[in-house]
Structures are given as C-alpha cells and as structure tokens.
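# A closer look at the structure
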Protein chains: 2
Amino acid sequence: MTTDFTLTCPIPLSDYPNVTLAHGGGGRLMHNLIDKLFAATFARQAVGAQHDGAVFTASAGRMAFTTDSYVVQPIFFPGGDIGTLAVNGTVNDLAMCGARPLYLSVGLILEEGLPMQSLWRIAQSIASAADAAGVQVITGDTKVVDKGKGDGIFINTAGVGVLTHDLNISPLAVRPDDAVILSGDIGRHGIAIMAAREGLSFESTIESDCAPLADSVLALLDAGIDVHCLRDLTRGGLASALVEIASAGGVQVAVDEAIIPVNEDVRGACEILGLDPLYVANEGRYVAFVPPHQAQAACAIMGDSACIIGHVQSGAGRVVMRSVIGADRLIDMLSGEQLPRIC
Amino acid sequence: MTTDFTLTCPIPLSDYPNVTLAHGGGGRLMHNLIDKLFAATFARQAVGAQHDGAVFTASAGRMAFTTDSYVVQPIFFPGGDIGTLAVNGTVNDLAMCGARPLYLSVGLILEEGLPMQSLWRIAQSIASAADAAGVQVITGDTKVVDKGKGDGIFINTAGVGVLTHDLNISPLAVRPDDAVILSGDIGRHGIAIMAAREGLSFESTIESDCAPLADSVLALLDAGIDVHCLRDLTRGGLASALVEIASAGGVQVAVDEAIIPVNEDVRGACEILGLDPLYVANEGRYVAFVPPHQAQAACAIMGDSACIIGHVQSGAGRVVMRSVIGADRLIDMLSGEQLPRIC
C-alpha cells in the first residue's frame, strides 16, 4: 500500500490543537483519533480491521519476533524522528535475526499536551518508513498519560518476520578466522541526537544514519553467504556489540581501529564532547561475521562504505583493538551509558 | 517452563535500591539487569538467547498479532498489578481474534528512581501471569527515562497467537438474531483502580477481575460453537464494546439492563462516584455473539456467571437497552473517558 501523504492534519487543529487525556479514554475521541490519524495513514485497515488484533497468514517455518520501545529526546532530529526510528529500529532487529520483516505493531504513549501536529508528523514518518522498509503496520494501541507523567511521546514497536534460510545466525555460530565486516561509518546517530539536544552546531549538520538494514542482510543471504552472526550497533555502539558477541560466543574478536570509518565532523564532535565513537549509538549500521573465504564477496554486497575491520581468534570472550598507534588494548562494555535516551 | 519464584531480588538492593538511567544505557548495568532480573525470570532464554529478537517455528495457517501499552496508575492494585495486566490484556486481545496465544514480547519504560524491588515484583507477576495463561515471554526491551519524564513504569506487550479454526470472527460476521453473551459481572477492574487511587474503602475490598480469557474462548471454538464476534470489555466498558460492534457490523444490538450482573459493592461504588458500570473497564470479561440455537450451549461453556444479555436485530449500527424500569434507551459511546489510565 502506498501512503497518501496529505499535508493537512486530519484532526481539526482548531478543535484539538493538543492531545488530551480523553484521546486515550476508549471513547469517541479516541476512535476518531485512531480512524482519522492512524488507520488512514497506516496499512492497518488492509489486514485486520475492527479488531484489537490483526490476523495474517503464515507459511510453515521459522519466524522472528522482536520489540523495542523508543524514548529518544528530542523527538525530531536531523535525519529522522522518533517515528522513523521506531520503524527502522525494529525492522533492523528482525534483520539481525536473518529475517525478512513483514509486520509491525505500533504502541503509542502520548503525554497530555503533545501538539496534534507533532503526532500527525510522526504518524506520517511511521507510514513512510514502513513503506521504505517494506513492512506493514497492522495493529496498534494509543494511551495518553497526564501532563508531567510522560515526555511528549514514547513509541513501542514489535515486529514479526520470516526466515527463509536454514542458517543459525547467532554468536554461538561464530568461528575462529571469521571476518568481521562493518557496514559503514559509525557514530552519526548518537552525535546527531546530542547535537540537537545540546544546541551544538558543526560546519555541516550531522544527520542520523537511521535506515532499514533488511535489504542489505537479505542480499547477503540471497547470495549464499554463510552468515554466522549479525548485530546492529545501537545503544552502546560498535564496542558493546563486539563485546556481546565475543562474550556470548566464547571467542576473541580482534579489530583494527585505523580501519573503522568515522566521519570527520563526528570525530570532531566526539572530541569536543569527550566521547569515544566506538561507544556511540548508530541506527543504520551493523556488523556481519562471515567465513574468511566469503569476506570480500560479503563486503562488496554490503556496499561501498563497508569494510573488513578485523577477525575472530580462538580465545575467551574478549575484544582486542589494535589502536592507530599500533598498541593493542582490551575493549570492554561501559558500565552505564554515555548518552541517555538516544533511541 | 515453570518459573522459580525466589523471594529475593537478584539485583543487590544495597547497591541499586532504585533504577538508574544507566540501567537503560546499553552497557554492563543494563545487561546485568536483563540477565539477572528478566532472563532468569522469563522463558526468554529458552527460545532466542543472545539476540535482539527471538526465533520460533510456525505452522502454516492464520496467526494473530496484537499490542497494548499499559500505563495504569497505581501500578499495584487489589487483584493484580501492571505486570499481570500487561500479560492478560494482550493474551485477551489475541483470544478475541479467536487465537491461541503463544508468545509475548515485553517492552519496559522505567522512570529513573523506580524502586528495584517494585520492578522485581512486577517481573515476577509477568512471569506468573504468563505461566497461568500458557504463553512464553520470548523477547523484550528495557528503556529508562529521566526522573519526572515517566511515571514509575509503563509496559508494552505484543503478542503472537495461532488460529486453528476457519471462522472469521469479526463484527462483520454478526447476524440478526445472534445471541449476545456476557461472560460475568462488570465494572470490577475500573472500580478497583479508582478505589486504590482515591483511597476509597468499601465493606469488602473490590478486586480487579484481571484474568486470561483464552481458555474460555478456545473452549467455545473446540465445542464447535460458530462464534461470530468476540470483544473484551476494557476501556469504555461493555457499552463501548457493544457500540463498536453494532457500528462496525451495521446491526442493532438490543440488551436488557436487568440481566447484566453487577456486584453489589461495585454498584455502590459507582453510585458514590457517579459512574455508570456499563462504561467501567473490565480486564477479565468479554462478550460473544453466537447463533441463537447455540446460545445456551455457549453460555454453559462460558461458565456459571455467564448470561445471555440480549440479541442482534437488523437495523443500523446502534445499541438499544431496555432499562430496569422497562423503558428503551439508546446507548452511545462516551466522548472522552470516565476513568483515565485504568489500563
């Protein structure tokens, strides 16, 4: 279904400039909001109209199921908004299972007073991102909390996808000598959010890398690459993803810092803010672990900005990085967080 | 999997008496929280360990997918808590599609400062309610927002279930002469929440009716009842559910007020609070629309407290109620809400 993006909010803003508690109360106002603002925008009505759930037809085989809540602040940022993020984040979690994303649910928690125009803009972003990622929003829910008990809007999306291959993509499938391929430069999402939040400006605006990754992953699988493990680089960034995989897979991962691409402006911002780009969140980047003989082919499929940043060694659950000055250092997970509420 | 309910919170409360922002940051603290408090409590590790998503095997056929966010206040109330509600609410939405609930996702939005002990208690409620409803929590997500930007805890659950029959359960399947069967007395959940919130006390404590409805619905289907439509009576209560179905199905629904069971204490509380029990939310009650010749059999399967409250007439999308004094009145949806944040 192609979404028809009208520019005018279908809820009359003169009547309801802001979301009210009654918009979540189960009565006529809530039904009006759902019918006019959501059902008309999403593909929902195509599948499971007039139900609290949607019904779809599955083929026999493996399916993936995932969820994420999105609490990013600010809700609009260069390169996307909380709606774009809520679609791509969950699409990417499905892709990291090796699944083709099919269906999304959208659960909204709105704070009383949220401008209706913002909600409308976000609903359109959700529809547009879903179209771009090839998924259908087929079920949803809207709640409203009192002013001061939320923060504008929180979104949960859950996703269902289908696996059409026989691989077991998991840290447990990682083998010594596997190549570690990074899909592109790191740190843009986290820095875009921080810059928007703190009112920082750089020579050129740093935009979030927020994007769907399913096509890239499915291209690897379609090409017969024996993908061992996939991980998108969200909260905790590249470093945390590598530590998670090394730890869960019981292997050592060795990477070369000099090869890891970081945009010039992102690097500058990280220096000013005292952040290590290795730990900064991304929303459109992932790592793939593949057998060494397929590394070049996989890298080519993953695109021009992909690069082989290291390989797997036998050894016990740790990540070693050769730094730009040639010294090896152990990479660990941070204890807490660098950047709260980046997704 | 049977859950082992230990009484001691596995996160040392002396170290972390309250949830901190770092618990949602993607680092070691978050992983520790997920591993110790959630993965050990839920069935998650049984299916999709070490992934951002879970993988399960589906049979060919129809499946249901649904989501709800839960923002109830207070989070603990007589008869349940936000965790019980988050499981049963979504299980019931699947049941209302005629599906056998299989898998749940749990997305938590925690407010900085939430007592760790409360989170532990809620995690146990989720596990216990999932066990009771026969569903597995197989994937999840945890976010933390700054103090003052949330309200303790919000929970989203999404659910996946399977349909093992050929009926199209929908308002569009409702036919004139169908019997309308109500599964039990109404209004207990909403009144339990209001009483807890306002500090009201009655002769006996009014407990929420929060319960899973899937077994009851599946028993109807297994017995060969030609179920036309199902709806659980959450936000907006019995009245809104009937109006929704009448409106979507293009039929008139006639019900008899004298037959609708309302607990004595609930009726008293409604009078004091100026509420109409017809509009008060329930979390363990539903209506079934079935052909007239199967009404008695269906009612018997739905249990001792079920009753036939009315029937469907040809006519245009409205609900008519014969009141206790014998007069007919039109029932409409409320514009906004009676009771904010009851689920």
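All figures in this text were calculated on a predicted structure; none of them were measured in a lab.

## Focus on the relation of the copies chain B and chain A
- The operation relating chain B to chain A is a screw motion whose rotation component is 180°, with 0.0 Å of axial translation and a residual RMSD of 0.0 Å. Between the two chains, the operation in question is that of a two-fold axis.
- In this assembly the copies share their binding face: 100% of the residues contributing to the interface of chain B also contribute to that of chain A.

## Focus: the interface of chain B and chain A
- Taken together, the contacts link 79 residues of chain B with 79 residues of chain A.
- Summing both sides of the interface, chain B and chain A together bury roughly 6,100 Å²; the carbon and sulfur share of this comes to 57%.
- Inspection of the region where chain B meets chain A yields 10 salt bridges.
- Asp146 of chain A is paired through a salt bridge with Arg341 of chain B; the nearest N and O atoms lie 2.7 Å apart.
- In this structure, the connection of chain B to chain A is made through 24 residue pairs in polar contact (both at pLDDT 80 or more).
- Of the residues forming the side of chain B that touches chain A, the biggest block, 9 residues, is contributed by strand β2 (residues 61-70) of chain B.
- Tallied by class, the residues present in the side of chain B that touches chain A amount to 34 nonpolar, 28 polar and 17 charged.
- Note that strand β2 (residues 61-70) of chain A and strand β1 (residues 53-58) of chain B share 6 bridges and pair antiparallel. Across the sheet, Ala64 of chain A pairs through a bridge with Val55 of chain B, a residue of β1 of chain B.

## Structural notes on the packing of aromatic side chains
- As enumerated under the stated definition, the model contains 4 aromatic pairs over all chains in all.
- Taken together, a centroid distance of 6.3 Å and an interplanar angle of 80° make the contact between Phe65 of chain A and Phe65 of chain B edge-to-face. Taken together, the residues Phe65 of chain A in strand β2 and Phe65 of chain B in strand β2 connect one chain to another. Each member of the pair, Phe65 of chain A as well as Phe65 of chain B, is classed as buried.
- Centre to centre, the rings of Phe56 of chain B and Tyr103 of chain B are 4.6 Å apart; their planes meet at 40°, and the pair counts as tilted. Placement of Phe56 of chain B in strand β1 and of Tyr103 of chain B in strand β5 (residues 100-111) is noted, with a sequence separation of 47 residues between them.

## Focus on the domain arrangement of chain A
All names here are of chain A.
- Along its sequence, chain A is organised into domain 1 (18-162) and domain 2 (171-331).
- Opposite the 20 residues of domain 1 that make contact, domain 2 presents 22 residues.
- Looking at the side of domain 1 facing domain 2, the largest losses of area belong to Pro78, Asn92 and Met96, adding up to 34% of the total buried there.
- One can count 5 residue pairs in polar contact (both at pLDDT 80 or more) joining domain 1 with domain 2.
- Listed by contribution, the elements that provide at least two residues to the side of domain 1 that touches domain 2 are α3 (82-96) and β5 (100-111).

Reading guide: rules and limits
Residues numbered from 1 in each chain as written. Chains lettered and ligands numbered in written order. Predicted model: local features only at pLDDT ≥ 70, side-chain atom pairs only at ≥ 80, totals over all residues. Heavy atoms only, no water. Least-squares fit on C-alpha atoms with pLDDT ≥ 70 in both. Contact = heavy atoms within 4.5 Å. Buried area = accessible area lost by both parts, 1.4 Å probe. Salt bridge = Lys/Arg side-chain N within 4 Å of Asp/Glu carboxyl O. Polar contact = N/O pair within 3.5 Å; in protein donor to acceptor, adjacent residues only side chain to side chain. Helix = DSSP H or I, 4+ residues; strand = E, 2+ residues; numbered from the N terminus. Nonpolar A, V, L, I, M, F, W, Y, C, P; charged D, E, K, R; others polar. Pairing = 2+ DSSP bridges. Phe/Tyr/Trp six-rings, centres within 6.5 Å; stacked < 30°, edge-to-face > 60°. Buried < 20%, exposed > 50% of the residue type's maximum accessible area, 1.4 Å probe, protein only. Domains from an automatic or database assignment.

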